[in-house]
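# Observations on chain architecture
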Amino acid sequence: MNIEYIAGIIKAVTIPVMALNSIPLLVWMERRGSAFIQNRHGPNRANIGPITLFGLLHPFADAIKCVFKEPFRPTKAHPIFYPLAPALVVVPALLTLAVVPLADHIFLMGAEIPMSVAELEYGIVYMFAVSSISVLGITLAGWASNNKFSLMGGLRSTAQMISYELSLGLSIFGALLVYGSLNPNEIARLQGETFFGVIPAWGVLMQPLGFLLFLIAAFAEANRNPFDLPEGESELVAGYHTEYGGMKFSMFMMGEYVAMVTLSALTVTLFFGGWQVPWVTTEALQATVGQPLRVLCQFLAFAGKTLFFCWLFIWVRWTLPRFRYDQLMRLGWKVILPLSIVNVFVTALVLLGLGWMKGTL
Amino acid sequence: MPKLTIDGKEVTVEKGQTVMNAAEKLGIDIPRFCYHPNLSVAGNCRMCLVDIEKIPKLLTSCTTEAAEGMVVHTTTDKVKDAQRVVLEFLLVNHPIDCPICDKAGECPLQDQYYKFSSEPSRMEVEKTHKPKRVDLGPTIKLDQERCVLCTRCVRFLEEFADDHSLGTVNRGDRTILTTFPGQPLDNVYSLNTVDVCPVGALTSKDFRFKKRVWFLKKTPSICTFCATGCNINVEHDEGHVYRIRPRENDGVNGPWMCDTGRLEYTFVNSEDRVKCCLVRGEDHRQSRSGWDEVLKRIAEAILHAGNRAAGIASPRMTNESLYEFGRFFQMTLKSQRFAAVTSDIGPIEGRRADDFLIRADKNPNRRGVEEILPHFDPQGEALQKILEAAEAGKLPFLLILDQDLLSRVEDHQRWHSALEKVSCLVVGSTLENELTKMAHIVLPLASWVEEEGTYTRFDGRVQRVWRAFPARGEARETLALFNCVAAALGKKTQAVRPQAVFDELASRIRFYGGLSYPAIGKDGALGAGGETVVPRLSYGPGSEQPAAT
Amino acid sequence: MSMDFKEQVYVVEIVKGLMITIRNLLRNMMNMRGMPTISYPEIMKAVAHRYRGRHRLTQKEDGMLKCTACMLCATACPAKCIQIEAKEGADGEAEKYPSLYNIDMLECVYCGLCVEACPCDAIRMDTGIHPPPADSREKFIYRIEDLTTYPEIKNPRDPV
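Parameters and conventions
Residues numbered from 1 in each chain as written. Chains lettered and ligands numbered in written order. Predicted model: local features only at pLDDT ≥ 70, side-chain atom pairs only at ≥ 80, totals over all residues. Heavy atoms only, no water. Helix = DSSP H or I, 4+ residues; strand = E, 2+ residues; numbered from the N terminus. Buried < 20%, exposed > 50% of the residue type's maximum accessible area, 1.4 Å probe, protein only. Contact = heavy atoms within 4.5 Å. Buried area = accessible area lost by both parts, 1.4 Å probe. Salt bridge = Lys/Arg side-chain N within 4 Å of Asp/Glu carboxyl O. Polar contact = N/O pair within 3.5 Å; in protein donor to acceptor, adjacent residues only side chain to side chain. Nonpolar A, V, L, I, M, F, W, Y, C, P; charged D, E, K, R; others polar. Domains from an automatic or database assignment. 1 Å grid on protein atoms, 1.4 Å probe; cavity = no way out; pocket = protein on both sides within 12 Å on 5 of 7 lines; lining within 4 Å. Points joined across faces, edges and corners; volume = space filled by probe spheres on them.

### Remarks on the overall build of chain C
Across its full length, chain C carries five helices and five strands. Element order for chain C, N to C, with α for helix and β for strand: α-α-β-α-β-β-α-β-β-α. For chain C, the C-alpha atoms occupy an extent of roughly 90 × 35 × 35 Å along the three principal directions. Looking at the 160 residues of chain C, the share that counts as buried comes to 36%.

What follows is the structure in structure tokens.
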């Protein structure tokens with residue numbers, strides 16, 4: 001069989017598994033991190049004999065509990081859509097990861113193999129296309145539960161996600177204009193250059209405003225604090241997943257964390273050089289340490305950056321209070337969106353000017 | 001008529017009255033232990049010392065006869081000192097075990113200590129110890145340590161119960177109150193000694209350690225165990241009667257009452273109470289039922305019986321219930337078959353009589369029956385007709401509200417077999433007994449402490465009872481019963497209030513004319529033509545001297 | 001309260017906030033033992049001397065209860081949670097003792113008035129035990145046996 005197919009299958013299995021396995025880690029980070037921020041110890045009791053792994057076993061205990069819980073369905077909930085909704089949240093989040101490159105291409109048995117499940121020429125477009133589906137899952141969950149709170153939570157969530165989806169897309173336009181490519185791997189590779197030989201030419205330096213807007217929109221897309229309005233004990237109970245329990249509920253949880261990972265990976269790819277190890281190009285690295293170590297280094301660089309952004313999600317959640325709904329909408333439509341548009345135009349003008357200068361010089 | 005001045009106030013008293021009486025007339029509180037207004041004067045506790053001008057030493061006010069021109073002081077430092085000293089003396093050997101003493105909370109020694117002394121003990125030597133649990137008789141336990149030797153109890157028994165079994169022996173701090181060896185204090189008035197005891201020395205075995213007195217609520221009532229109708233306070237807490245003590249009424253019983261009356265209350269708390277309606281099934285077994293269902297059955301039986309329905313009331317019922325009973329049969333059922341058996345209850349324990357408070361007639365409201373039922377049935381031959389009809393098997397419905405009927409009637413066997421022939425026998429009762437076992441339907445009725453109403457004493461005095469607490473379980477008041485049945489029969493009814501019934505009764509029956517609840521009050525009031533009959537209740541000055549001891 | 005431009009942009013303020021939380025996090029991670037939160041069942045905070053814990057009934061040297069069933073505690077109790085039935089002792093025993101002494105811990109407000117009311121030092125609240133949990137109403141009614149069972153008193157307290 002063609003090596004490319006084999007590699008494709010291996011990648012298609014490992015990458016989602018890795019993403020899913022990051023969930024317990026993130027849950028653990030969230031719980032212990034928040035605890036330390038708040039002068040608490042956080043969950044540290046779950047154990048197998050004397051082994052507690054600093055509480056890392058709690059997410060596994062949670063998973064076991066959720067799996068063995070009674071799959072309950074409210075009497076008047078929709079028989080098909082009600083169980084379907086959680087899947088619609090998790091699956092798109094996982095699918096999005098398919099185009100994120102974990103390292104530069106490798107050369108194996110004469111074939112050039114991309115280090116993403118599928119390297120698409122229009123990968124960014126694919127990402128946005130697929131990740132938008134998760135809004136459907138949330139809307140559906142709110143509606144199919146046949147519960148007022150769920151419906152309100154779902155509506156709120158939908159409105160919020162649609163509003164910020166727009167800014168999310170617009171905010172990266174500038175970056176895309178700079179890179180001139182929609183291929184994630186290509187974008188990462190383009191960020192391997194340096195300015196003046198010392199500063200890595202990461203997207204964040206070329207598009208600081210774009211990055212900021214993108215980050216804010218990403219928080220809103222992930223329904224994370226300060227934009228976690230779909231839930232709200234005091235007004236909406238648990239929002240769209242009020243009626244969900246057991247594994248169905250955990251799927252929403254998983255969706256949230258996978259979305260976090262995906263958005264972090266996207267941020268890293270677009271603005272922080274993706275798999276780029278700073279100051280070292282793929283070729284230089286490979287020449288020094290050989291291909292396997294080069295891939296490892298690049299993967300670790302990518303994973304480290306992604307983890308940092310995941311941590312940022314958590315960090316912000318335990319630092320900021322949430323917005324009120326009207327504030328959220330005002331911020332989205334009156335601040336982020338106009339700024340994104342301005343960013344696009346300014347970037348375009350600058351690029352045009354630069355091109356014009358190059359052309360005349 | 002000597003006129004004297006006490007604490008600057010002038011008062012005129014009758015000759016022979018003491019300074020203590022004069023002070024009481026003025027409302028001046030002189031502390032005392034041995035003095036009791038209804039007993040002879042002993043003057044041994046020295047608590048009531050007062051300062052009388054021109055007399056160098058303090059005098060006991062209970063023994064000093066008031067004289068013309070006397071000037072008495074009760075609050076001078078000299079008197080106060082004397083009161084403190086007397087209290088200190090009394091407490092020298094008193095164990096001060098108030099926490100376990102039943103008297104605590106209503107103890108004159110405790111109260112007066114706080115009022116007149118409140119000083120700590122200066123005694124450094126061990127107190128004398130005496131027996132603390134002396135069994136004086138079937139009703140009383142004595143704590144000789146607590147006794148302050150006031151001899152109120154001795155005097156009561158000698159002067160009212162003609163019982164000389166109690167006395168003090170030995171001298172000094174070894175003096176004790178005791179009975180003769182081998183002779184228990186076995187007197188039907190013995191529990192009065194507990195009442196008069198100013199400390200916790202004499203305690204009632206029945207009440208001992210049952211409840212602290214400050215938890216008890218007092219509801220005025222009258223004793224219904226004989227025709228005397230002694231005025232009482234029912235002392236109860238949370239639907240449970242703990243004791244019954246006399247309520248002073250000089251027109252009936254003074255501060256006294258008999259032990260039988262005090263101890264008969266136990267049935268109110270008893271497990272033998274009829275707790276819910278019982279219905280006899282096909283298999284002659286009685287099973288529990290609800291009021292609604294039972295009333296429906298009674299209504300059916302009454303409709304079937306028409307004016308042949310009969311009823312027997314009880315001389316234990318209140319005037320109001322008797323009136324409603326008569327009206328129910330005469331007006332609602334148009335039946336003339338209703339009556340009450342007023343003869344005495346058959347041989348029961350304690351059935352005796354004396355010239356003090358116990359009467360042979362054990363019916364508290366015989367006079368009421370005699371005054372009220374003739375208003376509805378002037379002939380008064382209904383009882384015989386009921387018996388004959390029952391014997392002939394022609395009595396379709398009989399309502400018996402007299403739970404003692406079978407022990408009351410003379411020809412017990414004849415009634416027993418006659419009642420068995422009644423097609424529908426309904427018995428309203430407080431307790432389960434032989435009669436309720438025979439009934440087709442048993443209705444749970446409230447006991448007298450759970451009812452409100454009036455009783456007519458044998459001498460014509462109408463006395464009220466108050467409701468202490470709601471009736472147990474599903475029991476209902478007898479007065480409400482007739483209304484319930486009338487409602488089940490489809491008649492238009494309205495809630496009956498005892499007071500309204502009594503007002504109607506007073507307007508219809510000449511004997512009760514002019515009486516009303518406010519007029520009766522706590523002390524009762526005489527009906528038309530009544531004349532108070534009371535035994536000698538007091539042993540004050542002027543009454544004959546006690547027999548030499 | 002009006003905000004100046006720097007504050008309206010949020011970003012600087014947010015970064016400041018993030019710095020505060022990360023400082024907390026790092027400090028606590030470096031020094032986990034110094035955290036104000038304690039690991040409760042393993043590590044107990046010292047019970048204050050005046051702490052009113054679960055009641056205990058004190059006993060005389062012969063094991064009999066000191067309680068004489070005077071019911072002053074029940075009288076003083078504002079929650080009416082103490083139920084006592086007195087019994088007369090046989091000769092040589094206490095004259096009056098409680099045959100039944102129940103405290104309904106669901107009703108008890110731990111005010112300590114019973115302890116103050118007791119003339120015999122028969123009831124104390126110095127066990128240091130927190131209000132105990134239970135899973136049925138019956139188990140919340142503590143009888144004499146329960147009230148005389150308690151761990152060693154670490155912090156004995158004389159009655160008022």
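Having seen the model, we can carry on.
### Here's the deal with the interface of chain B and chain C
At the interface, 13 residues of chain B touch 19 residues of chain C. Counting the surface lost from both chain B and chain C, the interface buries some 1200 Å², and carbon and sulfur atoms represent 57% of this. At the junction of chain B and chain C, the tally comes to five salt bridges. Note that C:Glu88 is salt-bridged to B:Arg208, the shortest N-O span being 2.7 Å. Linking chain B to chain C there are seven residue pairs in polar contact (both at pLDDT 80 or more). Looking at side-chain class alone, the side of chain B that touches chain C contains five nonpolar, no polar and eight charged residues.

### A few points about the domain arrangement of chain C
By domain assignment, chain C separates into domain 1 (5–34) and domain 2 (56–148). Just the C-alpha atoms count here: the centres of domain 1 of chain C and domain 2 of chain C sit 53 Å apart.

### Quick word on the arrangement of the chains
With two pairs of chains in contact overall, the greatest share of contacts is found between chains A and C. Structurally, chain A and chain B remain out of contact, their C-alpha atoms never closer than 40 Å.

### Structural notes on the pattern of salt bridges
Taken as a whole and judged by the stated rule, the model has 59 salt bridges over all chains. Residues B:Glu106 and B:Arg245 are paired through a salt bridge, measuring 3.2 Å at the closest nitrogen-oxygen approach. Highlighted residues: B:Glu106 in the loop between helix H2 (77–92) and helix H3 (108–116) and B:Arg245 in strand S13 (residues 240–246), separated in sequence by 139 residues. The closest approach of N and O atoms between B:Glu452 and B:Arg464, which form a salt bridge, is 3.3 Å. Of this pair, B:Glu452 sits in the loop between strand S20 (441–444) and strand S21 (453–456) while B:Arg464 sits in strand S22 (residues 461–465); the two residues are 12 residues apart in sequence, bridging distant segments of the chain. Classification of B:Glu452 by relative accessible area gives partly exposed; the value is 21%. The structure contains a network of salt bridges with shared partners spanning B:Asp97, B:Lys132, B:Lys141, B:Asp143, B:Glu145, B:Arg146, B:Arg208, C:Glu88 and C:Glu95.

### Notes on the layout of surface pockets
Taken as a whole, the largest pocket encloses approximately 1200 Å³ of empty space. The wall of the largest pocket is formed by 37 residues, among which A:Ile216, C:Val9, C:Tyr10, C:Val11 and C:Ile14 lie closest to the centre. Within the residue set of the lining of the largest pocket, elements represented by two or more residues are helix H9 (208–221), helix H13 (291–317) and helix H14 (325–360) of chain A together with helix H1 (5–8) and helix H2 (11–30) of chain C. A breakdown of the residues in the lining of the largest pocket according to their chemical character gives 31 nonpolar, two polar and four charged.

### Some thoughts on the interface of chain C and chain A
Taken together, the contacts link 21 residues of chain C with 16 residues of chain A. Considering only the surface of chain C that becomes buried against chain A, C:Leu18, C:Thr21 and C:Leu25 emerge as the three largest contributors, covering 29% of it. In this assembly, chain C and chain A are joined by one salt bridge. Scanning the region where chain C abuts chain A turns up 10 residue pairs in polar contact (both at pLDDT 80 or more). Looking at the side of chain C that touches chain A, its residues break down into 13 nonpolar, six polar and two charged.

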